[in-house]
Amino acid sequence: MLIRQPTDIVPSEITSPELFRARRQFLRLGAGAALAGGAGLVGLPAGAAESLPARLSPLSTDEPLTGRKDVLSYNNYYEFGTDKSDPAANAGVMKTRPWEVRVEGLVAKPRTFGIEELLKLAPLEERIYRLRCVEAWSMVVPWIGYSLSALLQQVEPLGSARYVAFDSHYDPAIMLRRPVLDWPYKEGLRLDEAMHPLTLLTLGVYGEVLPNQNGAPVRIVVPWKYGYKSAKSIVRIRVTDTQPATAWNTAAPEEYGFYSNVNPEVDHPRWSQARERRIGDFRKRPTLPFNGYAEQVAGLYQGMDLKRFY
Ligand SMILES: Nc1nc2c(c(=O)[nH]1)N[C@H]1C(S)=C(S)[C@@H](COP(=O)(O)O)O[C@H]1N2
Ligand SMILES: [Mo]
């Protein structure tokens, strides 16, 4: 079973052994870090992370979670370095309060949202999603947030709106200055993709507010697309009528398309996308079309040649 039945149970009542084990491990790690009186095991800033209670969403997968330590220490966040361990080591210096996200463009009510406001805009849900990186590894992550559509509805997109662009925060004083990508990091979705209930405005992970290396204080998560579509630490959302430029598509258009739907049949020019390694596993597993979310999202692309629009 891929998708849980709709239910109103809260995560603490879930008896799935993996989830239970993960939560126990989470509590142990938190307690250990507090006792040590300093940084946690994975480069977290000192002090207890703020917990973020959320109700388990029926849109969650029931596959075993990737361990919290891996989720918080094996990251892509190139602004803080290109090695997987760099973001956890370097992102701690980023200040995430106060924080504002400007939502503008082709909308009736452009508005700036403070992070406190975003935390209260809609009921928080725990969404356990598969994350498939373009580098052919994957994870299962218990994100916390709500559908991005709840935010977009607040600003009322105009009839001419077609796309949504996301800008990440960029501060050259604490981030990479080398133009590995065209900073600030940019991403984009078609409006219908952005409005799809699976597209998550993400504020937390593993029961806590987002750690900096995972894109604090607010990021996007689009589970049926390669991980790079899920921009971290966003400061601006712009509704447009033309397809926005994106960081990876600008850097290497032959390798990274605008759509970036997970597709085992369209290889990256330098490697296969047919299989993936789930972090923590030894054997590879087949990659599923749309990362296993085909039933929910394939309809968005009806009639499109997905080899051309990769
Ligand atoms: N601003 C920004 N967002 C980003 C990236 C980045 O380098 N910068 N990396 C992307 C990639 S390639 C992946 S796989 C995911 C990883 O998210 P995680 O580290 O929380 O697992 O973040 C995405 N969002
Ligand atoms: Mo990625």
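What you see is a predicted model, and the numbers here were worked out from it, not measured in a lab.

J.: Mind laying out the site of ligand 1, listing which residues take part and the relevant values?
T.: Y78, E79, R219, S230 and K232 are the nearest of the 17 residues found near ligand 1. One nitrogen or oxygen atom from the main chain of Y78 is found 2.8 Å from an oxygen atom belonging to ligand 1. Residue N214 places a side-chain N or O atom 2.9 Å away from an oxygen atom belonging to ligand 1. Expressed as a share of its isolated accessible area of 530 Å², the protein-covered part of ligand 1 is 98%. Residues belonging to the shell around ligand 1 are distributed by class as follows: eight nonpolar, six polar and three charged.

J.: Describe the pairing of strand β3 (residues 111-114), and please don't skip the residues or the numbers.
T.: Note: strand β2 (residues 100-105) against β3, four bridges, orientation antiparallel. Pairing of E100 across the sheet is with G114, part of β3. Between the antiparallel neighbours β2 and β3 lie five residues.

J.: Requested: an account of the pairing of strand β5 (residues 137-147), with residues and values cited.
T.: Extensive coverage of β5 is indicated by the burial of eleven of its eleven residues. In this sheet, β5 lies alongside strand β4 (residues 125-132) in antiparallel orientation, the contact comprising eight bridges. Of the residues in β5, the one forming a bridge with R130 is V140. The turn joining β4 and β5, which pair antiparallel and follow one another in sequence, is formed by four residues; a positive phi near 70° is taken by A136. Where β5 meets strand β12 (residues 275-278), two bridges bridge the pair, whose relative direction is parallel. Considered in β12, the bridge of W137 is made with R277.

Conventions we followed
- Residues numbered from 1 in each chain as written.
- Chains lettered and ligands numbered in written order.
- Predicted model: local features only at pLDDT ≥ 70, side-chain atom pairs only at ≥ 80, totals over all residues.
- Heavy atoms only, no water.
- Near = heavy atom within 4 Å.
- Polar contact = N/O pair within 3.5 Å; in protein donor to acceptor, adjacent residues only side chain to side chain.
- Areas by Shrake-Rupley, 256 points an atom, 1.4 Å probe, with all protein chains shown as cover.
- Nonpolar A, V, L, I, M, F, W, Y, C, P; charged D, E, K, R; others polar.
- Pairing = 2+ DSSP bridges.
- Helix = DSSP H or I, 4+ residues; strand = E, 2+ residues; numbered from the N terminus.
- Buried < 20%, exposed > 50% of the residue type's maximum accessible area, 1.4 Å probe, protein only.

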